[in-house]
Amino acid sequence: MKDKEDTKVVVGISGGVDSSVAALLLKEEGYDVVGIFMKNWDDTDENGVCTAEEDFEDAVAIANQIGIPYYSINFEKEYYDRVFTYFLDEYKKGRTPNPDIMCNKEIKFKAFLDYAKNLGADYVATGHYARVDRSGDETVMLRGLDNNKDQTYFLSQLSQEQIKDVLFPVGELEKPEVRRIAKEHNLATADKKDSTGICFIGERDFNEFLSNYLPAQPGNIVDTYGNIMGKHDGLMYHTIGQRRGLGIGGEGEAWFVCGKDLDKNELIVCQGSTNPLLYSNKLYASEFSTFTNKKIPTQFNCTAKFRYRQKDINAHVKVLEDKKVEVTYDDTKAVTPGQAAVFYMDEVCIGSAIIDEVYNGDDRLKV
């Protein structure tokens with residue numbers, strides 16, 4: 001194995017505190033560190049302000065402070081072709097996609113990984129809160145030490161080839177410790193707030209942004225008996241389990257989105273947060289992906305998350321043909337097609353699949 005000073009690590013520096021500290025820690029460990037800033041989206045707002053430029057300036061400041069060379073690479077075309085078109089296609093189907101998962105799969109750990117390898121990188125590093133275990137004959141993905149920040153959900157569609165040469169320096173730390181290290185070293189990003197939401201939307205209004213790319217088709221909001229309860233501006237603006245923004249008043253418990261009828265362009269709602277129509281216990285998913293190249297059992301018990309920050313629930317996975325799986329689980333609210341079902345064995349992240357159909361017993365829900 002190479003000495004650390006002869007081991008080149010290319011770090012994705014986003015201009016945020018996590019990637020800044022990741023680069024700092026690797027430099028302090030003695031690695032030959034190179035910083036790369038990825039520009040994935042032209043996010044100039046109506047005032048002509050481009051947050052990517054601000055992030056790049058912060059990334060440059062960090063690279064200079066730490067004393068590492070840096071480059072900027074433009075992946076806007078790759079991002080548009082591989083992530084943004086996927087995002088729009090999913091919304092056209094009435095689903096709720098997670099573009100961050102696709103960005104990691106197609107950009108950060110594919111286009112960026114390829115670029116880094118061409119620079120001669122031995123390893124690639126990012127500021128994700130995750131860990132890897134290389135003690136066996138394969139690299140294993142582990143949850144980040146900070147349960148509140150663990151990001152394995154967003155990394156769950158990666159392959160063994162994509163993680164075998166990856167380092168996650170902050171995955172061994174809790175967020176307050178990352179902030180402390182940044183302040184201790186007077187890093188320019190020490191007090192920079194964390195970015196939230198989808199990168200290409202930023203602080204903009206989601207519905208307004210989406211309407212620029214997909215024509216809105218207003219329709220009726222109906223209850224489960226077909227009674228018209230109101231109007232919606234477009235099915236794409238709503239997701240399963242949603243309560244706010246429906247514009248339905250009246251007496252009784254609050255109304256929640258429990259389904260969509262694409263053929264009739266109707267948004268289906270039900271009353272009460274504990275309404276059985278909001279809950280499911282079985283799903284079918286596709287694009288089943290695991291971190292291992294080894295053969296896995298055709299059935300296994302595990303825990304699962306169906307959205308980020310959800311508590312783990314008990315699940316049973318049956319592997320079908322063509323990268324499809326059937327998952328049965330404890331009754332869970334607002335499981336949504338387009339999102340990822342991510343599977344765990346204690347600290348180990350097994351992999352994930354993309355949710356297609358949701359059931360309550362033998363009844364398929366209109367989601």
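Please refer to the structure higher up on the page.
This write-up is about the structure you can find in this document. (Residues numbered from 1 in each chain as written. Predicted model: local features only at pLDDT ≥ 70, side-chain atom pairs only at ≥ 80, totals over all residues. Heavy atoms only, no water.)

Observations regarding the pattern of salt bridges
Within the structure shown, the criterion is met by 26 salt bridges. The salt bridge involving lysine 4 is made with glutamate 29; its shortest N-O contact spans 3.2 Å. Of the two residues, lysine 4 is situated in the segment before strand 1 (8–12) and glutamate 29 in helix 1 (residues 17–29); the sequence distance between them amounts to 25 residues. Using a relative accessible area of 41% as the deciding quantity, one classes glutamate 29 as partly exposed. Across the pair glutamate 177 and arginine 180 runs a salt bridge, and its minimum N-O distance is 2.8 Å. Linking glutamate 177 with arginine 180, this pair stays in helix 7 (residues 175–184), spanning three residues, or about one helical turn. Bridged by salt links that share partners, the residues Asp18, Lys149, Lys175, Arg179 and Asp194 form one connected network. (Salt bridge = Lys/Arg side-chain N within 4 Å of Asp/Glu carboxyl O. Helix = DSSP H or I, 4+ residues; strand = E, 2+ residues; numbered from the N terminus. Buried < 20%, exposed > 50% of the residue type's maximum accessible area, 1.4 Å probe, protein only.)

Observations concerning the packing of aromatic side chains
As enumerated under the stated definition, the model contains 18 aromatic pairs in all. Judged by centre distance (6.4 Å) and plane angle (5°), the rings of tryptophan 41 and tyrosine 80 are stacked. With tryptophan 41 in the loop between strand 2 (32–39) and helix 2 (51–66) and tyrosine 80 in helix 3 (residues 76–92), the pair connects residues that are 39 residues apart, well separated along the chain. Pairing phenylalanine 288 with phenylalanine 343 gives two aromatic rings, centres 6.2 Å apart and planes at 65°, and the pair type is edge-to-face. (Phe/Tyr/Trp six-rings, centres within 6.5 Å; stacked < 30°, edge-to-face > 60°.)

Some thoughts on helix 4 (residues 99–118)
The largest bend in helix 4 amounts to roughly 30° and is located at phenylalanine 112. Three or more residues of helix 4 are buried, namely Pro99, Ile101, Met102, Cys103, Asn104, Glu106, Ile107, Phe109, Ala111, Phe112, Leu113 and Ala116. One or two steps after helix 4, the chain reaches glycine 120, where phi turns positive at roughly 90°. (Bend = angle between axes of the 7 residues up to and from the residue.)

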